[in-house]
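Listed below, chain by chain, are the residues.
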Amino acid sequence: WVTASPSTLIQFAFLLAPLGLMLMITFQVTQFFQLTWVWSLDTWTDVFTTGYYWSILLVTLKMAAICVALCFVIGFPIAYGLATRFKAFENHIKVLMIFAFMTDIVLKTYGWVVVFDDNGVINWMLRGIGVVGPEWTNGLVFSEFATMVGMIYNLIAFMIFTIYLSVLNIDRDLIQASYDCGAGKFRTFWEVTLPLCRPGIWAGCVLVFVLSLGVYLEEKLMGGGNEPMMGHLIHQTFGTRVNWPLGSALTVVLMVVAIVILLVFIRVYRFDKYTVSR
């Protein structure tokens with residue numbers, strides 16, 4: 001108890017207490033853009049009876065799932081190649097990955113806006129080869145495709161880093177033993193390498209999924225707000241509408257949905273791990 005109490009107090013002060021306060025705010029009301037401490041269920045009634053909020057939640061979950069799938073498809077070959085083909089540059093690769101996390105997300109997102117804009121490089125190339133005509137305006141920006149590109153670009157580093165570390169921790173003797181038993185490269189990869197990479201794959205999927213649920217800049221700057229997501233809606237509710245109870249309720253709903261999905265992930269992972277071990 002003595003050794004665990006400092007970390008427990010820190011978590012309670014900076015995590016549980018704010019979450020509890022946010023949950024309390026959901027049962028309050030606002031009058032004249034000010035929060036009044038009057039207990040009421042009006043906010044939750046509004047949340048559960050308004051289909052618009054739930055449609056945005058479904059769009060957010062869809063975009064997050066697509067982002068996880070594409071980050072895995074793109075990130076796994078990159079991580080595997082970096083871990084197995086560039087062993088001499090291992091330290092350099094780790095430094096570059098750390099720089100990817102340290103780079104300002106606003107600058108990276110604005111960079112893609114310039115690329116996808118009407119006068120950007122992509123639109124100039126498409127017009128040059130005759131794919132689109134002069135009537136094509138705005139380019140690829142302000143679309144769901146642009147939002148997804150921004151999400152993948154900003155979050156794929158988490159997938160690459162976790163899978164990269166997982167591949168590095170694989171015992172090469174197990175792979176050599178597979179070759180000695182007569183397995184080819186593809187079967188060794190499918191039955192030895194890939195199962196041993198599962199912890200990194202699951203960790204990367206969880207990180208990308210959780211972070212995808214709260215994206216705001218990508219949808220606002222690159223999507224133009226045409227397909228709102230929960231992050232944008234919550235930000236707008238707190239900032240523009242100054243409706244703290246509704247914003248807190250939407251945040252709680254998003255957190256509960258994310259926790260339920262993560263629990264399902266953990267359940268599936270444990271079952272899969274138990275099946276493999278047997």
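Look up a bit, the structure's there.
Residues numbered from 1 in each chain as written. Predicted model: local features only at pLDDT ≥ 70, side-chain atom pairs only at ≥ 80, totals over all residues. Heavy atoms only, no water.

A. Seen up close, helix 7 (residues 144–168). When the terminal C-alpha atoms of helix 7 are compared, their 35 Å separation across 25 residues agrees well with the 36 Å that a helix rising 1.5 Å per residue should span. Taken as a whole, helix 7 carries its principal kink of about 40° at Leu155. Burial within helix 7 is extensive, with 18 of its 25 residues counted as buried. (Helix = DSSP H or I, 4+ residues; strand = E, 2+ residues; numbered from the N terminus. Expected span 1.5 Å × (residues − 1). Bend = angle between axes of the 7 residues up to and from the residue. Buried < 20%, exposed > 50% of the residue type's maximum accessible area, 1.4 Å probe, protein only.)

B. Just helix 2 (residues 42–49), in detail. Taken together, the buried positions of helix 2 are occupied by Thr43, Trp44 and Val47. All buried residues of helix 2 lie within an arc of 95° about the axis, which places them on one face of the element. Every exposed residue of helix 2 that faces more than 90 degrees away from the buried side is listed here: Asp42 and Thr49. (Arc of directions from axis to C-beta.)

C. Region of interest: the packing of helix 7 against helix 10 (residues 198–213). Two elements in contact, helix 7 and helix 10, have axes separated by 8 Å at closest approach and are oriented at 160°. In this view, helix 7 runs roughly antiparallel relative to helix 10, as classed from their interaxial angle. Regarding helix 7 and helix 10, the two cross each other, and that crossing is right-handed. From helix 7, Met151, Leu155, Phe158, Met159, Thr162, Ile163 and Ser166 reach across to helix 10, where they touch Gly200, Ile201, Ala203, Gly204, Cys205, Leu207, Val208, Leu211 and Ser212. (Axes fitted to C-alpha atoms, helices over the stretch in contact; angles between N-to-C directions. Parallel < 35°, antiparallel > 145°, perpendicular 65-115°, else oblique. Left-handed = near helix turned anticlockwise from the far one by under 90°. Contact = heavy atoms within 4.5 Å.)

D. Region of the structure containing a positive patch on the surface. A grouping of Arg85, Lys87, Arg172 and Lys185 is seen on the molecular surface, where their side chains present a positively charged patch. When you line up the elements, Lys87 lands in the loop between helix 3 (51–85) and helix 4 (90–102). (Patch = residues over 30% accessible without salt bridge, like charges linked within 9 Å, V, L, I, M, F, W, Y side chains within 5 Å. Areas by Shrake-Rupley, 256 points an atom, 1.4 Å probe, with all protein chains shown as cover. Salt bridge = Lys/Arg side-chain N within 4 Å of Asp/Glu carboxyl O. Lys, Arg positive; Asp, Glu negative; His and termini not counted. Charge placed at Lys NZ, Arg CZ, Asp CG, Glu CD.)

E. Structural detail: the environment of Gly111. Inspection of the secondary structure puts Gly111 in helix 5 (residues 105–116). Put simply, Gly111 and Gly150 are 39 residues apart on the chain and 9.8 Å apart in space, counted from C-alpha to C-alpha.

F. Expanded view of the side chain of Lys108. Turning to its location among the elements, Lys108 is positioned in helix 5. It turns out Lys108 is buried and unbridged, and the closest side chain with the opposite charge, Glu218, is 8.0 Å from it. When near neighbours in sequence (up to four residues on either side) are disregarded, Lys108 contacts Ala100, Thr103, Tyr153 and Asn154.

G. Spatial organisation of the packing of helix 4 against helix 7. Viewed as axis vectors pointing N to C, helix 4 and helix 7 meet at an angle of 155°, and their least axial separation amounts to 10 Å. Here helix 4 is positioned roughly antiparallel relative to helix 7, judged by the angle of their axes. The chirality of how helix 4 crosses helix 7 is left-handed. Residues Glu90, Ile93, Lys94, Met97, Ala100 and Phe101 of helix 4 touch helix 7, and the partners they reach there are Ala157, Phe158, Ile160, Phe161, Tyr164 and Leu168.

H. Representation of the packing of aromatic side chains in the model. If you walk through the whole model with that rule in mind, you get 16 aromatic pairs. An aromatic cluster of three or more residues is present, and its members are Phe27, Trp39, Trp44, Phe48 and Trp54. (Phe/Tyr/Trp six-rings, centres within 6.5 Å; stacked < 30°, edge-to-face > 60°.)

I. Fine view of the nonpolar core. Cys67, Cys71, Ile163, Ile201, Val208, Met230 and Leu250 are the most contacted members of the largest nonpolar core, which totals 50 residues. Mapped onto this core, the elements with two or more residues apiece are helix 2, helix 3, helix 4, helix 7, helix 9 (185–196), helix 10, helix 12 (230–239) and helix 13 (244–277). Top element by residues in this core is helix 3. It accounts for twelve residues. Once residues lying within four places of it in the same chain are set aside, the contact partners of Cys67 are Met148, Met151, Ile152, Leu155, Val208 and Ser212. (Core = buried A, V, L, I, M, F, W, Y, C linked by side-chain atoms within 4.5 Å.)

J. Seen up close, the pattern of salt bridges. For the structure on display, the rule yields two salt bridges. Glu144 is the partner of Lys62 in a salt bridge, and the nearest nitrogen-oxygen pair spans 3.6 Å. With Lys62 in helix 3 and Glu144 in helix 7, the pair connects residues that are 82 residues apart, well separated along the chain. Classification of Lys62 by relative accessible area gives partly exposed; the value is 38%. Its salt-bridge partner being Glu191, residue Arg187 comes within 3.2 Å of it at the nearest N-O pair. Taken as a pair, Arg187 and Glu191 lie in helix 9 at a separation of four residues, close to a single helical turn. Using a relative accessible area of 47% as the deciding quantity, one classes Glu191 as partly exposed.

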